[in-house]
Amino acid sequence: MTRRLLALHGVLVLAFLCLPIAVVIPMSFSSASSLEFPPPGLSLRWYDSFFGDARWVAALVNSALVALASSTAALLLGGIAAYGLVRGTFRGRPLIEGIFIAPLVVPSVIVAVALYIAFAQAGLLGTMPGLVVAHTVLGVPYVVLVMSVAIRSFDPRIEQVALSLGASTATMVRRVLLPNLLPSVFAAWIFAFITSFDEVIVTHFIAGRFDTVPKRMFNELVLQVNPTITAIATLLIAVSFVAIALILWLLRRGGVRLAALT
Amino acid sequence: MAGRRLPAELGYVLPLLGLMLAAFVLPIGLMLARSVLNPGPPPEPTLEHYQALLETAVYLRVLGRTFRIALVTTVACALLGYPLAYWMRGLPPQRQVLAVALVVLPFWISILVRTYAWIVVLGNAGLVNRLLLDLGLVAAPVAFLYNETGVIIGTTNVLLPFLVLPLFAAMLRIDPRLLQAAESLGASRFTVFRRVFFPLSLPALAAGAILVFILTFGFYITPAILGGGRVPMVANALDLLINQFARWEAAAALSTILLVVTLVCFALSRWVGARGATS
């Protein structure tokens with residue numbers, strides 16, 4: 001009896017968790033302009049209205065550019081820093097690591113307020129470079145976490161062998177280290193990309209008139225209910241699915257178990 | 001060897017450290033400073049911004065509401081999440097993987113999308129109200145949206161995985177031999193749960209609950225959309241102070257309060273979690 005109640009509770013809570021996804025995807029193919037569920041008929045009109053609207057397409061391009069630039073910057077700086085943190089023996093490492101992970105702990109809205117005030121004085125509000133810097137900071141914790149785990153699990157003696165056989169540091173990194181870490185490098189990059197691509201709060205504060213897809217979605221949602229959002233939402237879900245599948249596949253290839261990251 | 005390695009590896013860390021100091025530590029430091037300084041010139045230390053916040057009924061109401069919503073959401077997540085994690089622990093492996101996948105799935109989908117769906121589900125002509133009307137349980141649509149109920153439902157939905165996943169992982173680590181030992185000594189199922197299993201899972205439950213509390217306390221998107229501007233929480237008040245009224249000092253002081261609450265709770269959850277790991 002208890003067991004059945006427990007199972008019923010479990011299934012219902014799982015349903016509660018997945019309900020939003022189960023609702024949004026069918027809605028995006030609805031033919032009605034009201035928020036009727038289930039949809040009275042099927043159509044692709046909301047996808048048309050997304051791709052046919054120059055402002056949405058511009059926002060999509062901005063989102064992609066910012067995400068590409070910030071995730072690449074986070075990957076380069078974060079990957080190299082993770083190597084220094086894992087292999088180094090200098091003092092103050094826990095503090096430095098703490099600073100790198102801190103954007104995960106500090107509420108986004110605080111980062112948003114702090115950056116708004118700082119950027120306002122530096123003249124970076126509403127600019128692409130300002131947005132890229134902010135998104136890079138937000139992506140750094142994921143890169144440092146993923147890359148630290150990967151580098152820690154790579155035997156430093158292999159690096160030393162390459163160096164003692166006469167390889168320069170650059171050659172060792174290119175021919176020995178990177179090929180072995182490649183799956184984790186991609187996973188870290190995707191994490192940072194998605195973090196930027198989904199970011200709402202900091203963007204809302206500092207982007208000014210510069211539009212990204214989540215910022216535009218947020219503004220539309222606060223003002224009115226527009227079914228075009230369901231089409232974008234479904235596209236975002238599709239992007240997320242592809243990203244998770246890639247990350248899982250890459251991490252498994254890299255021999256990193258997801259449990260090691262948490 | 002160590003003497004030569006030391007500067008090189010520090011050098012790898014420096015570029016990122018420079019960025020983080022300039023674009024994260026410094027802005028937050030300046031914001032903290034702004035909350036306790038008079039604009040000047042010359043800037044002088046003062047507590048007037050905090051005093052002004054705590055003497056204004058609106059901010060006290062916002063803080064009180066944020067605290068209440070965070071508390072209710074935390075309790076709701078614990079009540080929904082604990083039995084779910086416990087049930088998942090007992091599932092056969094394949095179903096367990098499926099259940100974990102369903103818990104992780106929403107994690108990956110934009111909070112905007114998940115929040116949006118609740119407008120469709122909870123609206124006056126939404127799924128829930130149509131069901132209630134069709135069943136004759138209510139005569140008029142129930143207002144779920146644009147009040148605290150809607151915000152709490154949406155927030156619970158978004159934050160539940162943060163409680164369930166670590167809790168489930170901690171439950172898997174509980175040695176089943178301890179439960180068998182208790183049973184073989186004559187304890188009933190319920191006694192085994194109450195005296196052995198529950199105490200062992202309590203630190204993970206507490207740590208997860210504190211995490212949910214922290215996240216709700218700084219929540220912005222869900223209250224903005226499902227509250228429709230009628231349920232402002234701390235983060236929404238910050239939005240108004242910065243983007244509407246340009247009151248940077250007040251925003252800095254309110255942010256500092258939010259940061260202190262967050263860091264104290266975070267330290268608390270680390271402490272609780274560490275106790276669980278050692279006991």
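Residues numbered from 1 in each chain as written. Chains lettered and ligands numbered in written order. Predicted model: local features only at pLDDT ≥ 70, side-chain atom pairs only at ≥ 80, totals over all residues. Heavy atoms only, no water.

Caption draft 1: Summary view of the overall build of chain A. On a plain count of helices and strands, chain A comes out with eleven helices and zero strands. Along chain A, from the amino end to the carboxyl end, the secondary structure elements read α-α-α-α-α-α-α-α-α-α-α. Along the longest, intermediate and shortest principal axes, the C-alpha atoms of chain A span 70 × 60 × 35 Å. Sorting the 262 residues of chain A into buried and exposed places 53% on the buried side. Within chain A, residue pairs in contact and separated by at least 24 positions form 68% of the contacts whose partners lie at least 6 positions apart. (Helix = DSSP H or I, 4+ residues; strand = E, 2+ residues; numbered from the N terminus. Buried < 20%, exposed > 50% of the residue type's maximum accessible area, 1.4 Å probe, protein only. Contact = heavy atoms within 4.5 Å.)

Caption draft 2: Region of the structure containing helix H1 (residues 2-28) of chain A. Residues and elements named next belong to chain A. Taking 1.5 Å of rise per residue, 27 residues should cover 39 Å, and H1 covers 40 Å from first to last C-alpha, within 8% of that figure. The largest bend in H1 amounts to roughly 50 degrees and is located at cysteine 18, with the proline proline 20 lying one to four residues further along. Among all positions in H1, only Gly10, Val13, Leu14, Phe16, Leu17, Cys18, Pro20, Ile21, Val23, Val24, Met27 and Ser28 are buried. (Expected span 1.5 Å × (residues − 1). Bend = angle between axes of the 7 residues up to and from the residue.)

Caption draft 3: Quick look at the UniProt feature "transmembrane region" (unreviewed entry) in chain B. Residue and element names in this part refer to chain B. Per the UniProt record, the feature "transmembrane region" (unreviewed entry) sits at residues 12-33, 67-85, 97-121, 127-146, 158-176, 196-221 and 250-272. Here residues 67-85 is 100% helix and 0% strand, with 26 Å between the C-alpha atoms at its ends. In this annotation, residues 158-176 is assigned 89% helix and 0% strand; the end-to-end C-alpha distance for the span is 31 Å. (UniProt positions renumbered as here; feature names shortened; annotations may be inferred.)

Caption draft 4: Broad picture of the interface of chain B and chain A. Facing 67 residues of chain B, the contacting portion of chain A comprises 79 residues. Taking both partners together, chain B and chain A bury about 6,800 Å²; carbon and sulfur atoms supply 84% of that area. Inspection of the region where chain B meets chain A yields zero salt bridges. Applying the counting criterion to the chain B and chain A interface returns four residue pairs in polar contact (both at pLDDT 80 or more). When the residues that make up the side of chain B that touches chain A are grouped by side-chain class, the tally is 53 nonpolar, seven polar and seven charged. (Buried area = accessible area lost by both parts, 1.4 Å probe. Salt bridge = Lys/Arg side-chain N within 4 Å of Asp/Glu carboxyl O. Polar contact = N/O pair within 3.5 Å; in protein donor to acceptor, adjacent residues only side chain to side chain. Nonpolar A, V, L, I, M, F, W, Y, C, P; charged D, E, K, R; others polar.)

Caption draft 5: Inspection of the state of the cysteines at higher detail. Summed over all chains, the structure comprises zero disulfides over all chains. This cysteine, cysteine 18 of chain A, is not joined by any disulfide, and cysteine 77 of chain B carries the nearest cysteine sulfur, 15 Å off. On the accessibility criterion, cysteine 18 of chain A (15% relative accessible area) is buried. Not part of a disulfide, cysteine 77 of chain B finds its nearest cysteine sulfur in cysteine 265 of chain B, a span of 15 Å. We classify cysteine 77 of chain B as buried; its relative accessible area is 0%. (Disulfide = S-S within 2.5 Å.)

Caption draft 6: Layout of the nonpolar core. Phe100, Ile206 and Met217 of chain A together with Leu84 and Met88 of chain B are the most contacted members of the largest nonpolar core, which has 172 residues in total. Among the elements that make up this core, the one with the highest residue count is helix H8 (residues 169-198) of chain A (13 residues). If we skip the residues at most four places from it in the chain, phenylalanine 100 of chain A touches Ala81, Leu85, Val140, Pro141 and Val144 of chain A together with Val13, Leu16, Leu17 and Met20 of chain B. Ranked by size, the runner-up nonpolar core spans five residues in total, among them Ile69, Val151, Ile152 and Val231 of chain B. (Core = buried A, V, L, I, M, F, W, Y, C linked by side-chain atoms within 4.5 Å.)

Caption draft 7: Geometry of empty space enclosed by the protein. Residue and element names in this part refer to chain A. Per the counting criterion, the structure on display carries one cavity of 30 Å³ or more. In this structure, the largest cavity occupies an estimated 50 Å³ of space. What lines the largest cavity is simply Ser63, Val66, Ala67, His135, Ser196, Phe197, Glu199, Thr203, Thr212 and Pro214. Among the elements of the structure, helix H3 (54-87) and H8 are those that each provide at least two residues to the lining of the largest cavity. Considering only residue class, the lining of the largest cavity consists of four nonpolar, five polar and one charged. (1 Å grid on protein atoms, 1.4 Å probe; cavity = no way out; pocket = protein on both sides within 12 Å on 5 of 7 lines; lining within 4 Å. Points joined across faces, edges and corners; volume = space filled by probe spheres on them.)

Caption draft 8: View of the environment of leucine 133 of chain B. All names here are of chain B. Checked against the element boundaries, leucine 133 lands in helix H6 (residues 127-134). Classification of leucine 133 as partly exposed rests on a relative accessible area of 32%. The spacing of leucine 133 and leucine 145 is twelve residues in sequence and 17 Å in space, taken between C-alpha atoms.

Caption draft 9: Representation of the layout of surface pockets in the model. The volume enclosed by the second largest pocket comes to roughly 860 Å³. Lining the second largest pocket are 21 residues; nearest its centre among them are Arg3 and Leu6 of chain A together with Tyr86, Arg189 and Phe193 of chain B. For the lining of the second largest pocket, the elements supplying multiple residues, two or more each, are H1 of chain A together with helix H3 (57-89), helix H8 (176-184) and helix H9 (189-217) of chain B. Looking at side-chain class alone, the lining of the second largest pocket contains 14 nonpolar, three polar and four charged residues.

Caption draft 10: Highlighting the packing of helix H6 (residues 128-152) of chain A against H8 of chain A. All names here are of chain A. Their axes nearest at 8 Å, the elements H6 and H8 cross at an angle of 160 degrees. Relative to H8, H6 is oriented roughly antiparallel. Both H6 and H8 take part in a crossing whose hand is right-handed. Note on element contacts: H8 touches H6 through Leu181, Ser184, Val185, Ala188, Phe191, Ala192, Thr195 and Ser196, opposite His135, Leu138, Gly139, Tyr142, Val143, Val146, Met147, Ala150 and Ile151. (Axes fitted to C-alpha atoms, helices over the stretch in contact; angles between N-to-C directions. Parallel < 35°, antiparallel > 145°, perpendicular 65-115°, else oblique. Left-handed = near helix turned anticlockwise from the far one by under 90°.)

Caption draft 11: Spatial organisation of the UniProt feature "transmembrane region" (unreviewed entry) in chain A. Residue and element names in this part refer to chain A. Within the UniProt annotation, "transmembrane region" (unreviewed entry) is assigned to residues 56-86, 98-119, 131-151, 181-207 and 227-251. Across residues 131-151, the secondary structure splits into 100% helix and 0% strand, with the terminal C-alpha atoms separated by 29 Å. Each end of residues 181-207 is marked by a C-alpha atom, and these two atoms are 34 Å apart; helix forms 89% of the span and strand 0%.

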